[in-house]
Amino acid sequence: MRDIINICLIGAGRAGMIHARNFVSRVPYAKMAAVCDPSEAACQAAVKELEISLYYTDYKEALKNEEIDAVVVVTPTVFHREIVIAAANAKKHILCEKPMAMNEKECEEMIGAAKANGVKLQIGFMRRFDDSFVYGKKLVEEGEIGDVVLVKSLTRGPSIPKPWMYDIKKSNGPLAEVNSHDIDTLRWFTKGEFQTVYAVAGNYRCMEAKEEFPDFYDNVILNAKFDNGILGSIDGAQGVGYGYDARVEILGTRGLITLGELKDKTTVIYTKNKVGRMDVVNSWTHLFREAYINEDISFIQAILNDREPEVTGKDGLMAVKVVNAGNESIVTGEIVKL
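Analysis parameters
Residues numbered from 1 in each chain as written. Predicted model: local features only at pLDDT ≥ 70, side-chain atom pairs only at ≥ 80, totals over all residues. Heavy atoms only, no water. Helix = DSSP H or I, 4+ residues; strand = E, 2+ residues; numbered from the N terminus. Rg over C-alpha atoms; globule rule 2.2 N^0.38 Å. Buried < 20%, exposed > 50% of the residue type's maximum accessible area, 1.4 Å probe, protein only. Contact = heavy atoms within 4.5 Å. Areas by Shrake-Rupley, 256 points an atom, 1.4 Å probe, with all protein chains shown as cover. Lys, Arg positive; Asp, Glu negative; His and termini not counted. Charge placed at Lys NZ, Arg CZ, Asp CG, Glu CD. Salt bridge = Lys/Arg side-chain N within 4 Å of Asp/Glu carboxyl O. UniProt positions renumbered as here; feature names shortened; annotations may be inferred. Pairing = 2+ DSSP bridges. Axes fitted to C-alpha atoms, helices over the stretch in contact; angles between N-to-C directions. Patch = residues over 30% accessible without salt bridge, like charges linked within 9 Å, V, L, I, M, F, W, Y side chains within 5 Å. Right-handed = clockwise from strand over helix to strand, strands pointing away. Phe/Tyr/Trp six-rings, centres within 6.5 Å; stacked < 30°, edge-to-face > 60°. Parallel < 35°, antiparallel > 145°, perpendicular 65-115°, else oblique. Nonpolar A, V, L, I, M, F, W, Y, C, P; charged D, E, K, R; others polar.

Visitor: Go over the overall build of the protein with me, naming the residues and quoting the values.
Guide: Secondary structure summary: the protein contains 12 helices and 15 strands in total. For the protein, whose C-alpha radius of gyration is 20 Å, the value lies close to the compact-globule estimate of 20 Å for 338 residues. Across the 338 residues of the protein, 54% fall into the buried class. Taking contacts inside the protein between residues at least 6 apart in sequence as the whole, the part at least 24 apart equals 71%. Surface summary for the protein: the accessible area is close to 15800 Å², and the carbon and sulfur share equals 51%. On the protein, the mean spot of the 41 positive side-chain charges and the mean spot of the 48 negative ones are 3 Å from each other.

Visitor: Break down the pattern of salt bridges for me, citing the residues and quoting the values.
Guide: Overall, the coordinates contain 19 salt bridges when judged by the stated rule. Between Glu49 and Arg21 there is a salt bridge whose closest N-O contact spans 2.5 Å. Taken together, the residues Glu49 in helix α2 (residues 40-50) and Arg21 in helix α1 (residues 14-25) connect sequence positions 28 residues apart. Looking at Arg21, the relative accessible area reads 39%, which means it is partly exposed. Residue Asp306 pairs with Lys120 through a salt bridge whose shortest N-O separation is 2.8 Å. Residue Asp306 is located in the loop between α11 (289-304) and α12 (313-332), and its partner Lys120 is located in the loop between α5 (104-117) and β6 (121-124); the two are separated by 186 residues in the primary sequence.

Visitor: Describe the UniProt feature "domain: Gfo/Idh/MocA-like oxidoreductase N-terminal" (unreviewed entry) in the protein, with residues and values.
Guide: Per the UniProt annotation, the sites labelled "domain: Gfo/Idh/MocA-like oxidoreductase N-terminal" (unreviewed entry) are residues 5-125. With 43% helix and 23% strand, the stretch residues 5-125 has end C-alpha atoms that lie 21 Å from each other.

Visitor: A description of the sheet that holds strand β5 (residues 93-97) should follow, citing residues and the corresponding values.
Guide: Sheet architecture is open: six strands sit in the order β3-β2-β1-β4-β5-β6, paired in parallel fashion. The open sheet has two edge strands, β3 (55-56) and β6, and neither has a second partner. Examined bridge by bridge, strand β2 (residues 30-36) and β3 share two bridges and lie parallel to one another. Its bridge partner being in β3, Cys36 is matched across the sheet by Tyr56. Of the strands in this sheet, β1 (5-10), β2, β4 (70-73) and β5 touch α1, which is tilted by about 145° from β2. Across the sheet, α2 is in contact with β2 and β3; its angle to β2 comes to roughly 160°.

Visitor: For a nonpolar patch on the surface, give the residues involved together with the corresponding values.
Guide: On the surface, Tyr198, Val200, Ile221 and Ile335 cluster together into a nonpolar patch covering about 360 Å² of accessible area. Relative to the helices and strands, Ile221 resides in strand β9 (residues 219-226). Note on Ile221: relative accessible area 44%, which makes it partly exposed.

Visitor: So what's going on with the pairing of β1? Residues and values would help.
Guide: Remark: a regular strand shows side chains that alternate across the two faces of the sheet. The element β1 is largely enclosed, with a buried count of six among its six residues. Every second residue of β1 is oriented toward a common face, with Ile5, Ile7 and Leu9 on one face and Asn6, Cys8 and Ile10 on the other, all of them buried. Of the pairings in the sheet, the one linking β1 to β2 comprises six bridges and is parallel in character. Along β2, the bridge assignment pairs Ile10 with Cys36. Taken together, β1, α1 and β2 constitute a β-α-β crossover, and its handedness is right-handed. As defined by bridge partners, β1 adjoins β4 across four bridges and the pair is classed as parallel. Along β4, the bridge assignment pairs Ile7 with Ala70.

Visitor: Now, about the packing of aromatic side chains: what can you tell me, with residues and values included?
Guide: Inspection of every chain in the model, using the stated rule, returns six aromatic pairs. Ring geometry for Tyr166 against Phe213: centres 6.4 Å apart, planes inclined by 40°, an arrangement best described as tilted. Of the two residues, Tyr166 is situated in the loop between β7 (148-156) and α7 (168-171) and Phe213 in the loop between β8 (194-202) and β9; the sequence distance between them amounts to 47 residues. On the basis of relative accessible area, Phe213 is assigned to the buried category, the value being 17%. Aromatic pair Phe216 and Tyr217: ring centres 6.4 Å apart, planes at 20°, arrangement stacked. A residue is classified by how much of its surface remains accessible, and Tyr217, at 3% relative accessible area, is buried.

Visitor: Can you break down the packing of helix α6 (residues 131-141) against helix α9 (residues 180-190) residue by residue, with the values?
Guide: Remark: α6 packs on α9, axes separated minimally by 10 Å, with the N-to-C direction vectors making an angle of 30°. Viewed along their axes, α6 and α9 adopt a mutual orientation that is roughly parallel. Of α9, the residues touching α6 (which contributes Phe133, Val134, Gly136, Lys137 and Val140) are Thr185, Trp188 and Phe189. For the contact of α6 with α9, the class distribution of residues is five nonpolar, two polar and one charged.

Set out below in structure tokens:
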């Protein structure tokens, strides 16, 4: 393995370009070598911004390049299995954004391909690399709040979903696209596995989706019990408008830890009409900027030091398993046992 890891980004959208910018200047021992996207316009815009020259519109061609050591897969979920398995077979290390895949079988096949080819497979749960989350985890491990009793996590996004997300069969819905991070957060802080889930959901903001996709939901609540007895609760929403909202509560037998806040800056403005005003976080790209950098650094270090990634294929698989169970509960109205 070379001292510098050459990276190819597969999927040059907004999330993909976050990783690409990091690898250009913020990640030691990494080089942004190429970009791949089926849109040539997206490729040209990406290489211009990143100041590189190499791009592909077909990921299969990119994987033939022996100079590329690793790929970052940031495509719609439905394509993850195919691309990740092909990358593993081409002996490329893989950072795959969440959600890992559409179902458990796909995840298992991806994990198997990576293991068979001796390459690293890391899943993009960047909140595990956020300083406040890491500190909260440390406090829990040190027993600061006693035994964990309940973990509540919410993610609410400001924007309306992209049209392809309306088809639950292609996107797995907001539980996958929005709340995969919350599912992983609950697993991380409880140190347990989901035992039962019960979810309810509805479409309150995306009226244009109702006729063609009556099962689409933009609001969901999922309650859970873990195999170690700890309770969990997830709140997810899309199109809320007011800002990007990601918060966690960890309740213990002797205290409470809270992570995240909606307020963006400490500045609050008060005017003569006796109304206070503050700025709120408007994007996950801003809130978790440093977490993405730490995640990308960790990926490169896992390759160079030949160690297991901090977020593994199993972590991705378990989140997908909960997403599928939650969607089943929404449809059936029943508690689902995992």
